[in-house]
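Chain by chain, the residues run as shown.
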Amino acid sequence: TFWRILKLWRETGDVVSISDRICGCPRILQCNHDVLYLIRLVRQSPEWFLDELLVLLDTNHFISVHYVTIHRELERVGVSLKKLVF
């Protein structure tokens, strides 16, 4: 309502509350250190699959994530998909 927006404007100087701006879950791999570790692993051994990267991340950094999370983070930093040749 108008009065609620006016109250918010007087308290914060904005008409949209902070909780409305934040959407989704926070990233599990927020630390650049973890993402850099994944990039290092991919560059060192590009033949590894996501499930192998998942085990290494869990073993060495004690972070348990889904393989889709690893895939999304690697896509976000620009690591492309590999193509297998038999």
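Scroll up a little and you will see the structure.
By convention here, each chain's residues receive numbers from 1 onward along its written sequence. Only residues with pLDDT of at least 70 are given local features in this predicted model, and only at 80 or more are side-chain atom pairs given and counted; all residues enter the totals for whole chains, interfaces and linings. Note that water and hydrogens are dropped before the side-chain values are worked out from all heavy atoms of the structure.

Draft legend 1. Looking closely at the overall build of the protein chain. Helix numbering and strand numbering both begin at the N terminus, where a helix is a DSSP run of H or I of at least 4 residues and a strand a DSSP run of E of at least 2. Helix and strand content of the protein chain: five helices and zero strands. The helix and strand sequence of the protein chain, counted from the amino end, reads α-α-α-α-α. Any residue under 20% of the maximum accessible area for its type is buried, any over 50% is exposed, and the rest in between are partly exposed; the area is computed with a 1.4 Å probe on protein chains only. Across the 86 residues of the protein chain, 20% fall into the buried class. Throughout, a residue-residue contact means that at least one pair of heavy atoms, one from each residue, lies within 4.5 Å. A sequence separation of at least 24 residues applies to 46% of the contacts in the protein chain between residues at least 6 apart. In the form shown here, the protein chain has an accessible surface area of approximately 7200 Å², with 60% of it arising from carbon and sulfur atoms. The Shrake-Rupley method, run with a 1.4 Å probe, gives the accessible areas here. Residue values count only the displayed protein chains as cover.

Draft legend 2. Looking closely at the nonpolar core. To qualify as a nonpolar core, a set must consist of buried Ala, Val, Leu, Ile, Met, Phe, Trp, Tyr and Cys residues joined through side-chain atoms within 4.5 Å. By size, the foremost hydrophobic cluster in this structure holds 10 residues: Tyr 37, Leu 38, Leu 41, Val 42, Leu 53, Leu 57, Ile 63, Val 65, Ile 70 and Leu 74. When residues of this core are traced back to their parent elements, those giving at least two are α3 (32-44), α4 (50-61) and α5 (67-76). With four residues, α3 is the single largest residue contributor to this core. Here Leu 53 is in contact with Leu 38, Leu 41, Val 42, Trp 48, Ile 70 and Leu 74, once residues within four sequence places are set aside.

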